[in-house]
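Here are the chains, one letter per residue:
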Amino acid sequence: MQIISKSLEFLKLMNEPVDLLDEKMNRYRVISGIMFFLLALQGTFSWLWDYYIDPIGAQNTIGLRLYFLFFTLVAFSFKYIKNRKILELICLISGLLAQFLFVVIMSHLENGMIYILSLFIFFLLFPLFLFQGFSLTANIICTLCFAAFPQILALMGFAPEFQHPQYIILIWPAAFAMLITHYFSAQNYRLRYESELALKA
């Protein structure tokens, strides 16, 4: 009975009211756009890190790093795109493209696949910090996609030296921890939202 009760509670939490989602998006829209913009710049200027670990291989990553400047445009979508679902889709695709770029960049660097494992933790934090205004459903989907996509890229041949056992041990437990965090974060936000409504009534 307890399992059924928890399942129903989870389904209720997944079914977030539109007014709650709109209020949450408006609350975090500006800060999410700013953080996205800064991270896009960081992705570009991280070429200095490429050069630090492999000066020769870094000569082949300059152009790839410049692609991260494209994501500065995505940052402005938080301001100009009002449809939350479209914004969620844009950010999901952007995150996957960023992962693809990182995998290709690391494949040009000596021992790049070793260094990149810890960087994938960074992508799991995207929904937690950048996508706070999104729905619980969107954040769950983003987290699972960001966890699975690097392995899919490796299986497709984009990362020949990809370390699957280490990735599974490091990333997937972190991904499930993030899912639990998203659940309680959404639960806490909903309780606060409903309390505010009750006070206004």
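The notes below deal with the structure included here.

Calculation criteria
- Residues numbered from 1 in each chain as written.
- Predicted model: local features only at pLDDT ≥ 70, side-chain atom pairs only at ≥ 80, totals over all residues.
- Heavy atoms only, no water.
- Salt bridge = Lys/Arg side-chain N within 4 Å of Asp/Glu carboxyl O.
- Helix = DSSP H or I, 4+ residues; strand = E, 2+ residues; numbered from the N terminus.
- Buried < 20%, exposed > 50% of the residue type's maximum accessible area, 1.4 Å probe, protein only.
- Core = buried A, V, L, I, M, F, W, Y, C linked by side-chain atoms within 4.5 Å.
- Contact = heavy atoms within 4.5 Å.

Describing the pattern of salt bridges
Evaluated as defined, the whole model comprises five salt bridges. For Asp50, the salt bridge identified is with Arg65, shortest N-O distance 2.8 Å. Here Asp50 is found in helix H3 (residues 47-53), whereas its partner Arg65 is found in helix H4 (residues 62-66), with 15 residues between them in sequence. Judged by relative accessible area, which is 1%, Arg65 ranks as buried. Of the charged contacts, one joins Glu194 and Arg190 as a salt bridge, the two residues approaching to 3.2 Å between their closest N and O atoms. Of this pair, Glu194 and Arg190 both sit in helix H10 (residues 164-200), separated by four residues, roughly a single helical turn. Since its relative accessible area comes to 11%, Arg190 is described here as buried.

Some points on the nonpolar core
Judged by nonpolar contacts, the single largest core of 47 residues is most densely connected at Phe36, Phe71, Phe120, Leu124, Phe131, Phe134 and Phe146. Among the elements of the structure, helix H2 (18-45), helix H5 (71-80), helix H6 (84-107), helix H7 (112-124), helix H8 (126-130), helix H9 (136-155) and H10 are those that each provide at least two residues to this core. For this core, the leading source of residues is H6, giving eleven residues. The contact partners of Phe71, leaving out residues within four places of it in the chain, are Phe36, Ala40, Ser94, Leu97, Ala98 and Leu101. Membership of the second largest hydrophobic core comes to five residues, among which are Leu20, Tyr28, Tyr189 and Tyr193.

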